[in-house]
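Residues per chain are reported as follows:
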Amino acid sequence: MNEPFLSIRDLHISFSRYTPKLTIEQITPVRSLNIEIYRGEILAVVGASGSGKSLLAHAIMGILPSNAKMSGEIYYDGQPLTPKKIKQLQGEKIAFIPQSINYLDPLMKVKKQVQIGLPKKGKKKIQESLFEAYDLQKQDGDLYPFQLSGGMLRRVLFATSVRDSVKLVIADEPTPGIHAEALDKVLKQLRVFAENGMAVLLITHDILSALSISDRVTIMKDGTALETASANKFEGRGEQLKTSYAKALWRALPTNDFLNAEGLDNVTM
Ligand SMILES: Nc1ncnc2c1ncn2[C@@H]1O[C@H](COP(=O)(O)OP(=O)(O)OP(=O)(O)O)[C@@H](O)[C@H]1O
Ligand SMILES: [Mg+2]
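Now for a look at the structure at hand. (Residues numbered from 1 in each chain as written. Chains lettered and ligands numbered in written order. Predicted model: local features only at pLDDT ≥ 70, side-chain atom pairs only at ≥ 80, totals over all residues. Heavy atoms only, no water.)

## Thoughts on the layout of surface pockets
Item 1. Of the voids in this model, the largest pocket is the one considered here, and its volume is about 430 Å³.
Item 2. Contributing to the lining of the largest pocket are 18 residues, with Gln 90, Phe 96, Tyr 103, Leu 157 and Thr 160 lying nearest its centre.
Item 3. If you tally residues by element for the lining of the largest pocket, the top one is strand 6 (residues 94-97), at three residues.
Item 4. Along the lines of polarity and charge, the residues of the lining of the largest pocket split into ten nonpolar, six polar and two charged. (1 Å grid on protein atoms, 1.4 Å probe; cavity = no way out; pocket = protein on both sides within 12 Å on 5 of 7 lines; lining within 4 Å. Points joined across faces, edges and corners; volume = space filled by probe spheres on them. Helix = DSSP H or I, 4+ residues; strand = E, 2+ residues; numbered from the N terminus. Nonpolar A, V, L, I, M, F, W, Y, C, P; charged D, E, K, R; others polar.)

## Observations regarding the pattern of salt bridges
Item 1. Following the criterion strictly, the structure yields twelve salt bridges and no others.
Item 2. Close ionic contact of Lys 185 with Asp 135 constitutes a salt bridge, the shortest N to O distance being 3.4 Å. In this pair, Lys 185 sits in helix 6 (residues 180-195) while Asp 135 sits in the loop between helix 4 (123-133) and helix 5 (150-159), placing the two residues 50 residues apart along the sequence.
Item 3. Take Asp 135: its relative accessible area is 35%, and that puts it in the partly exposed class.
Item 4. A salt bridge links Arg 191 to Glu 195; its shortest N-O distance comes to 3.3 Å. Of this pair, Arg 191 and Glu 195 are both found in helix 6, four residues apart, which corresponds to roughly one turn of the helix.
Item 5. Residue classification places Glu 195 among the exposed positions, given a relative accessible area of 58%. (Salt bridge = Lys/Arg side-chain N within 4 Å of Asp/Glu carboxyl O. Buried < 20%, exposed > 50% of the residue type's maximum accessible area, 1.4 Å probe, protein only.)

## Re the environment of Ser 32
Item 1. In this structure, Ser 32 sits in strand 2 (residues 24-37).
Item 2. Accessibility expressed as a relative area gives 37% for Ser 32, which makes it partly exposed.
Item 3. Along the backbone, Ser 32 and Arg 9 are 23 residues apart, and their C-alpha atoms lie at a distance of 7.7 Å.
Item 4. Ignoring any residue separated from it by four or fewer positions in sequence, one finds Ser 32 in contact with Asp 10, Leu 11, His 12 and Thr 224. (Contact = heavy atoms within 4.5 Å.)

## Some words on the site of ligand 1
Item 1. Among the 14 residues in the neighbourhood of ligand 1, the closest are listed as Ser 49, Gly 50, Lys 53, Ser 54 and Gln 99.
Item 2. Gln 99 places a side-chain nitrogen or oxygen 2.9 Å from an oxygen atom of ligand 1.
Item 3. In the environment of ligand 1, an oxygen atom lies 3.2 Å from a nitrogen or oxygen atom belonging to the side chain of His 205.
Item 4. Contact with the protein chains covers 68% of the free accessible surface of ligand 1, which is 640 Å².
Item 5. Listing elements by their share of the shell around ligand 1, those giving two or more residues are strand 2 and helix 1 (53-61).
Item 6. Residue contributions to the shell around ligand 1 peak at three residues, all from helix 1.
Item 7. A class-by-class count of the residues in the shell around ligand 1 yields six nonpolar, seven polar and one charged. (Near = heavy atom within 4 Å. Polar contact = N/O pair within 3.5 Å; in protein donor to acceptor, adjacent residues only side chain to side chain. Areas by Shrake-Rupley, 256 points an atom, 1.4 Å probe, with all protein chains shown as cover.)

## Describing the packing of aromatic side chains
Item 1. Taken as a whole and assessed by the stated rule, the structure comprises four aromatic pairs.
Item 2. The structure contains a cluster of three or more aromatic residues connected by ring pairs, namely Tyr 134, Phe 158 and Phe 193.
Item 3. Lying over the aromatic face of Tyr 245, Lys 221 brings its terminal NZ or CZ to 5.2 Å of the ring centre. (Phe/Tyr/Trp six-rings, centres within 6.5 Å; stacked < 30°, edge-to-face > 60°. Lys NZ or Arg CZ within 6 Å of the ring centre and 35° of its normal.)

Written as structure tokens, this is what we have:
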């Protein structure tokens, strides 16, 4: 098998925080996390709220909050991914679609934000065609982020990731609040990225959408990867999945309806 394009080894992320009694305690929301993403594939990371998915994305992008302590290794194309290196790669080689739309610059017109990282020659044209592709009006480009709806902003964020030069796409919940047609477009575009040889990390709650387009799925629970399986292993009653948690998660889906989702809390490994 070829080398992983992005490899995360034994990642731990901890925070110190004050308890109500004003003592300091340490929490470790990401622990012993190992993830590998190959060129030309979509790896979906799914897991409940608070399972550490965004922290994983922020660790890769070098944007963890300053009070976070991180250990472990992140390799990009065989090289350690240092903060300096991320700065060089971001926008051109690594596209990050953050979960929070607060990552857009509130004081910059959205068309300018979509033009960042585009080739100097023709950036206006490319931005306009991206707007058209994502059902944004030409005049929307002259608005500031606060003047757009959440769903429109999500599409703006997504448009900022569409670049020929990009090798790695990290999309943290790119689809909430967008209508079905736009959802379909976003998912199809992620597939196109992978088919063009990019490595795609798709973070989502939506396991069904994830399964419809991804090659492999990592189930995250309490900050660690419980199981990684090919998307086609999610079928039937989940017999091909290894952990009871992954089986239960699969069987709890409305389309399967075998197991009451509440039962999930009691399932461990
Ligand atoms: N700045 C912070 N300070 C302290 N703890 C934090 C901080 N950021 C995250 N955490 C802890 O890490 C956990 C995981 O957070 P993270 O944002 O990665 O979850 P997530 O899986 O992305 O959830 P969601 O699906 O809701 O986006 C949180 O539940 C919280 O306990
Ligand atoms: Mg998150």
